[in-house]
Amino acid sequence: AMIQTFTHLQEHALQLLQNGAAPDSPQGQELASAFWQMIQDFTGGNLELLPKLMELGNFSGADPAWQAKQARVNEFLGPALEVYLRRQGVDPFSKGEEK
């Protein structure tokens, strides 16, 4: 289920990027919210797992075309998540504590 959600969100990010949406637009923030919820569901809310999840997300050795696609997704999703988390008052790298 997580892979299906991830793939759907990945495609949505590419569509938003192609359409020229800004990461802080309502559409970008909706995507960031859905992506953050996926992460929360996957980790069970344990943000101490986030660095390991990010390490796994590098997918070193993956198909170069897939890596290129993911790099494009990250162009949009990275800034969108930064805005979303800042607006939520969440710092995912502070051992799961909220600001």
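Check the entry above for the structure.
As the structure is a computational prediction, the values presented were derived from the model and not from experiment.

A word on the overall build of the protein chain. On a plain count of helices and strands, the protein chain comes out with four helices and zero strands. Sequence-ordered secondary structure for the protein chain, helices as α and strands as β, is α-α-α-α. Counting across all 99 residues of the protein chain, residues that qualify as buried make up 31%. Taking as baseline every contact in the protein chain between residues at least 6 positions apart, the subset at least 24 positions apart corresponds to 67%.

Right, let's talk about helix α4 (residues 64-88) for a bit. Between its terminal C-alpha atoms α4 stretches 34 Å, which fits the 36 Å expected from 25 residues at 1.5 Å a residue. Along α4, the sharpest change in direction is near 35 degrees and occurs at Asn-74. For α4, the set of buried residues is Gln-70, Val-73, Phe-76, Leu-77, Ala-80, Leu-81, Val-83, Tyr-84 and Leu-85. Taken together, the buried residues of α4 touch α1 (2-18) and α2 (26-43).

Taken N-terminus to C-terminus, the directions of α2 and α4 make an angle of 80 degrees; their axes are 8 Å apart at the nearest point. Between α2 and α4, the angle is such that the two are roughly perpendicular. On α4, the residues that touch Gly-28, Gln-29, Leu-31, Ala-32, Ser-33, Phe-35 and Trp-36 of α2 are Phe-76, Leu-77, Ala-80, Leu-81, Val-83, Tyr-84, Leu-85 and Arg-87. Residues of the contact of α2 with α4, tallied by class, amount to 11 nonpolar, three polar and one charged.

Cut-offs applied
Residues numbered from 1 in each chain as written. Predicted model: local features only at pLDDT ≥ 70, side-chain atom pairs only at ≥ 80, totals over all residues. Heavy atoms only, no water. Helix = DSSP H or I, 4+ residues; strand = E, 2+ residues; numbered from the N terminus. Buried < 20%, exposed > 50% of the residue type's maximum accessible area, 1.4 Å probe, protein only. Contact = heavy atoms within 4.5 Å. Expected span 1.5 Å × (residues − 1). Bend = angle between axes of the 7 residues up to and from the residue. Axes fitted to C-alpha atoms, helices over the stretch in contact; angles between N-to-C directions. Parallel < 35°, antiparallel > 145°, perpendicular 65-115°, else oblique. Nonpolar A, V, L, I, M, F, W, Y, C, P; charged D, E, K, R; others polar.

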